[in-house]
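Take a look at the letters that make up each chain.
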Amino acid sequence: MPIHILMPALSPTMTEGTLSKWLVKEGDEVASGDIIAEIETDKATMELEAVDEGKIGKIIVPEGTEGVEVNNPIGVLLEEGEDEGDIGDVSAPVPVVPAPKAEPEPEPEPGSAPIEKALPAPAATAPRTAPAVPLSGDRILASPLAKRIAANARIDLAAIKGSGPNGRVVKADVENAFSGGVTRSAAARVSSADVPDFGQAYTEVANTNVRKVIARRLLEAKQTVPHFYMKVDFVIDNLLSLRKDLNGQDGADYNLSINDFVIKACAVAMRKVPMVNASWTDDAIRMYENVDISIAVATEGGLITPIIRNADQKGLLAISTEMKDLASSARDNKLKPEEFQGGGFTISNLGMYGIKEFSAIINPPQSAILAVGVGEQRPIVKNGALAVGTVMSCTLSCDHRVVDGAVGAEFLQALKPLIEDPLSLLL
Amino acid sequence: MSDTNFDLVVIGGGPGGYVGAIRASQLGMKVAVVEREHLGGICLNWGCIPTKALLRTAEVYHLMQHAEDFGLSAKEISFDAKKVVERSRKVAGRLSGGVGMLMKKNKVTVFDGQGALAGQGQVKVTKDGKNVAVLKAKYIMLATGARARTLPGLEPDGKLVWTYKEAMVPDNMPKSLLVVGSGAIGIEFASFYRTMGAEVTVVEVMNRVLPVEDEEISMLAHKAFEKQGMEIVTGATVKNLKIGKSNVTATIEKGGKAEKVTFDRVILAVGIVGNIEDIGLEKTKVKIEKTHVVVGKYSETDEPGVYAIGDLTGPPWLAHKASHEAVICVEKIAGLTPHALNTSRIAGCTYCHPQVASVGMTEAKAKESGRKIKVGRFPFIGNGKAIAMGDDQGLVKTVFDADTGELLGAHMIGSEVTELIQGYAVGMTLETTEQELMETVFPHPTLSEMMHEAVLDAYGRVIHV
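Residues numbered from 1 in each chain as written. Chains lettered and ligands numbered in written order. Predicted model: local features only at pLDDT ≥ 70, side-chain atom pairs only at ≥ 80, totals over all residues. Heavy atoms only, no water.

A tally of regular secondary structure across chain B gives 13 helices and 24 strands. Taken across its 465 residues, chain B has 51% of its residues classed as buried. If you take every contact in chain B between residues at least 6 apart in sequence, the share linking residues at least 24 apart comes to 62%. A total accessible area of about 21,800 Å² is found for chain B, and carbon and sulfur atoms account for 53% of it. (Helix = DSSP H or I, 4+ residues; strand = E, 2+ residues; numbered from the N terminus. Buried < 20%, exposed > 50% of the residue type's maximum accessible area, 1.4 Å probe, protein only. Contact = heavy atoms within 4.5 Å. Areas by Shrake-Rupley, 256 points an atom, 1.4 Å probe, with all protein chains shown as cover.)

Following this line, the structure appears as structure tokens:
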């Protein structure tokens, strides 16, 4: 009997994906393990392998189709002795929903190992309609009518105090809010309907899944995470000279970057001040046991944050090698979900662009991100006299629900000697 | 001498007063009710309840007359007017006794007598001109209700010209009857007496019967009544009643022409006036407008510590409005935060045949309010249960706000609609949109399925038409 090739669940949270490319065509013979298609998930492009040998009997879902639900048949594989006549009715039993459509919900469980399961992903869900007021956090109690009126008027229900039972927002509350000038919901502001057309010429670049995820997650972070920022200057002359020594050793086939040192230093400092390696949940602060650091990598498709896991236990060389591999996979769009899902802290370095300093948006559900600027020569005061030093400005963004000012300061205090006197990192 | 210090004294033990008293007691207040005649008030003794008993008799009588339609045979169908009235009085008596029990159970002290405000925080109780007690109260709730309105030239004599009270206890059935006014009270009596065999004429000053209802419903009711043999004269007034020995000659004026018609009996149902007299309002700041006490959102009058609820205050003049208003008032006094009464979500029921029930805005009112609306309709003739019941005449109608999906109003005419309307009322209170109503699974076979269909119809999705 012909085998249905199903849309694979490439990560535990994947519910749908884009069938970006078929690498085989109908009639092609394939062997088990051959790569037959490329599937784009929310964050990466993954390869789909044939699980049996045979002949591609039919391609059901054409390439370029977005929003193909997990477990939907995408093609048919004919086994030996079977021909096209055996295929039967393969009109997709679950309708393939064309784009655009609701985003999948990638909610990585940081700290937990990615689950590799061979069992079917949750049953394909019907197309979901976005909630009238998409807000994270607690459920907002509101009457259906209040929700409808708020959605029509693009009023943020969360900003309205409910007068009904248990604080339920009722029609009257929303109507009162009209006069009160409540903030309009963010969803309204980012919806394309709200971008006025003033007649300027433009071209539209369709949003990739990665772009959409960046938009959603960072919007959510800026809106729901109470950020605060702390800035510190590191004098990195010692670091530069140590780096030079290490890279200049005989037979060195590596090239340690400043960022590798920063990663290692942060890892050690995170062990000392573990509160920066934690997530806020309503009931508890979740403190991660491993030191997994996400590193922001720019790719053509957008920002992605592969993870150096257990960075505190790795040497500079191991970190450096791993970072190069991850960055290259990221640029090729080949990161595996477990390589970018999770992490307890993020480092974003724009030093190579000559950026002096900047403030980064926290990568939820993490609680802190370090924005690293360029190391440049600046006048410094040393032993009461003016001198020239190489200074690198860093800004720590913290989620105040988890990291108080003093805790953030402690972290930077712990980080400073590790960067300014990096010999201790080698211990 | 019993204790005379209370947290709350309620003057009037009708459906507003006694319910408010019970709620106050639940909230830990020490409560007294002063009632001059009978617990349960007009509603229970001379209104809602005994008329329902009479109308039930009429309904059964009507069914017996149509027994053949159901494959039954009934011969020599007749009634004993005395027994019909007796049953109605028994029902009222049983319930009034029940309210007395409820007062005891809730430790509400009942004073038998006329209550009146007597200085700040004081209520004087008198009975037959004698002082019974002076009660001290932190809060006083006036719940004295209303009575039938009389117009010049249209005064009841209690024998041939009746108000609701006499109409409820006829010693025998009149052959011909004039009902002046086609509101709920007038139409219910008209329906009762017509079913029992009287020649009934209804005169209504407005251009349609049941003038507060949706126009479409009024028209359907008008047709149904006429089919039953009722004579309906709209846009007309009764100018004068000449009371004779055993009949009354009425001068009915319509379009400038006057006509004299003679009837056995006349029922006056031309509205109500508030019972504002003899309750000590004169020396207070309580404001009166057209015989009704003016109150704020939570039933507060202009006199500190004095509240008023029910028929004594503004419309709608319905027992269930009074009860709910009293509860809100008491909860507010107790420091809770109830929502003020939203009168646009109070259902009204008329128990004529066919029944009429409605809640919220009529189609015309909704249009007047400047909204874009969607209207749905579903006829009884498309409903299996209605046909099985042998009662396939009627309509369910819904009015929605097209922009928000808010259910603005629902209007029904037909069998058992008075029992159905609360479904929409619950939906409105929960602030439903059309979506939740569409998603609700209505049991089959029931008349309530029509409520579903009337919603679907408003959105072009009706199934069974």
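The structure having been displayed, the exposition proceeds.
Here the focus is the sheet that holds strand S17 (residues 368-382) of chain A. Strand pairing in a sheet takes place through backbone hydrogen bonds and is either antiparallel or parallel in direction. All names here are of chain A. Here we have six strands laid out as an open sheet, ordered S9-S18-S17-S16-S12-S15, and mixed in their pairing. The sheet is open, and its two borders are formed by strand S9 (227-235) and strand S15 (307-308), each paired with just one other strand. Examined bridge by bridge, strand S12 (residues 293-295) and strand S16 (residues 345-349) share three bridges and lie parallel to one another. Bridging across to S16, Ile293 finds its partner in Phe345. (Pairing = 2+ DSSP bridges.)

Taken together, the side chains of Trp280, Ile285 and Met287 of chain A make up a nonpolar region of the molecular surface, amounting to roughly 250 Å² of accessible area. Structurally, Ile285 of chain A can be placed in strand S11 (residues 285-287). (Patch = residues over 30% accessible without salt bridge, like charges linked within 9 Å, V, L, I, M, F, W, Y side chains within 5 Å. Salt bridge = Lys/Arg side-chain N within 4 Å of Asp/Glu carboxyl O.)

Taken together, the contact between chain B and chain A spans 15 residues of the former and 13 residues of the latter. Buried area between chain B and chain A, summed over both chains or domains, comes out near 990 Å², and the portion from carbon and sulfur atoms is 46%. On the chain B side of the interface with chain A, the three residues burying the most area are His339, Thr404 and Glu431 of chain B, jointly 51% of the side's total. Where chain B meets chain A, there are two salt bridges. Across the pair Lys171 of chain A and Glu406 of chain B runs a salt bridge, and its minimum N-O distance is 2.9 Å. On the surface where chain B and chain A come into contact, there are 10 residue pairs in polar contact (both at pLDDT 80 or more). Here the side of chain B that touches chain A gets three residues from one element, more than from any other, and that element is helix H12 (residues 434-439) of chain B. Of the residues that constitute the side of chain B that touches chain A, the class distribution is one nonpolar, seven polar and seven charged. (Buried area = accessible area lost by both parts, 1.4 Å probe. Polar contact = N/O pair within 3.5 Å; in protein donor to acceptor, adjacent residues only side chain to side chain. Nonpolar A, V, L, I, M, F, W, Y, C, P; charged D, E, K, R; others polar.)

A word on the confidence of the model for chain A. Residue and element names in this part refer to chain A. Here chain A averages 81 in pLDDT, and 82% of its residues register 70 or above. Here residues 92-137 is modelled with pLDDT under 50, and outside its nearest four sequence neighbours on either side it reaches 76 contacts, counting other chains as well. Contacts for the low-pLDDT stretch residues 183-193, under 50 throughout, to residues beyond four places or in other chains number 21 contacts. (pLDDT = per-residue confidence, 0-100.)

Turning our attention to the state of the cysteines. Residues and elements named next belong to chain B. Tallied over the full model, the rule gives zero disulfides over all chains. Cysteine Cys43 is unpaired, with the sulfur of Cys48 as its nearest cysteine sulfur at 3.2 Å. Accessibility expressed as a relative area gives 32% for Cys48, which makes it partly exposed. (Disulfide = S-S within 2.5 Å.)

Here the focus is the pattern of salt bridges. Residues and elements named next belong to chain B. Tallying each qualifying case throughout the model produces 36 salt bridges over all chains. Of the charged contacts, one joins Arg23 and Glu331 as a salt bridge, the two residues approaching to 2.8 Å between their closest N and O atoms. In this pair, Arg23 sits in helix H1 (residues 17-26) while Glu331 sits in helix H8 (residues 319-333), placing the two residues 308 residues apart along the sequence. For the pair Arg23 and Glu331, one class covers both residues: buried. Of the charged contacts in the structure, one is a salt bridge between Glu363 and Lys367, with a shortest N-O distance of 3.2 Å.

So, on to the pairing of strand S21 (residues 356-360) of chain B. All names here are of chain B. When you tally the buried positions in S21, you get four out of five residues, the bulk of the element. Two strands pair when backbone bridges link them, and strand S20 (residues 348-350) and S21 are joined in this way by three bridges, in the antiparallel orientation. Counted as the bridge partner of Thr350 is Val356 from S21. Between S20 and the antiparallel strand that follows it, S21, lie five residues. Note that S21 and strand S24 (residues 407-413) share five bridges and pair antiparallel. Bridge pairing in S24 links Ser358 to His411.

Our next topic: the nonpolar core. One finds Ile293, Phe345, Leu370, Phe411 and Leu415 of chain A to be the most contacted residues of the largest nonpolar core, which totals 55 residues. Considering each element in turn, this core owes the most residues, eight residues, to helix H6 (residues 258-272) of chain A. Within the second largest apolar cluster, 36 residues are counted, among which are Tyr61, Ala221, Met230 and Leu395 of chain B. (Core = buried A, V, L, I, M, F, W, Y, C linked by side-chain atoms within 4.5 Å.)

Turning our attention to a negative patch on the surface. Residues and elements named next belong to chain A. Taken together, the side chains of Glu26, Asp83, Glu84 and Asp86 define an acidic patch exposed on the protein surface. With respect to the element layout, Asp86 can be found in the loop between strand S8 (73-78) and helix H1 (144-153). The partly exposed category is assigned to Asp86, whose relative accessible area is 38%. (Lys, Arg positive; Asp, Glu negative; His and termini not counted. Charge placed at Lys NZ, Arg CZ, Asp CG, Glu CD.)

This brings us to helix H7 (residues 316-331) of chain A. Side chains that are three or four residues apart share a direction in an α-helix, a result of its 3.6 residues per turn. All names here are of chain A. Between its terminal C-alpha atoms H7 stretches 22 Å, which fits the 22 Å expected from 16 residues at 1.5 Å a residue. Residues of H7 that are buried include every one of Leu316, Ile319, Ser320, Met323, Leu326, Ala327, Ser329 and Ala330, and no others. Backbone geometry just downstream of H7 places Asn333 in the positive-phi region, at approximately 65 degrees. (Expected span 1.5 Å × (residues − 1).)

Quick look at the packing of H6 of chain A against H7 of chain A now. All names here are of chain A. Two elements in contact, H6 and H7, have axes whose closest approach is 9 Å; the angle formed by their N-to-C orientations is 120 degrees. Crossing hand, H6 versus H7: right-handed. Residue-level contacts link Asp260, Phe261, Ile263 and Lys264 of H6 to Leu316, Ile319, Ser320, Met323 and Lys324 of H7. Of the residues belonging to the contact of H6 with H7, the class tally is five nonpolar, one polar and three charged. (Axes fitted to C-alpha atoms, helices over the stretch in contact; angles between N-to-C directions. Left-handed = near helix turned anticlockwise from the far one by under 90°.)

Glancing now at the pairing of strand S1 (residues 5-11) of chain B. All names here are of chain B. The buried count for S1 comes to six of seven residues, which makes it a mostly enclosed element. As paired elements, S1 and strand S6 (residues 130-142) share six bridges and run parallel to each other. The partner of Asn5 across the bridge, within S6, is Lys136. In terms of handedness, the path from S1 via H1 over to strand S2 (residues 31-35) forms a crossover that is right-handed. (Right-handed = clockwise from strand over helix to strand, strands pointing away.)

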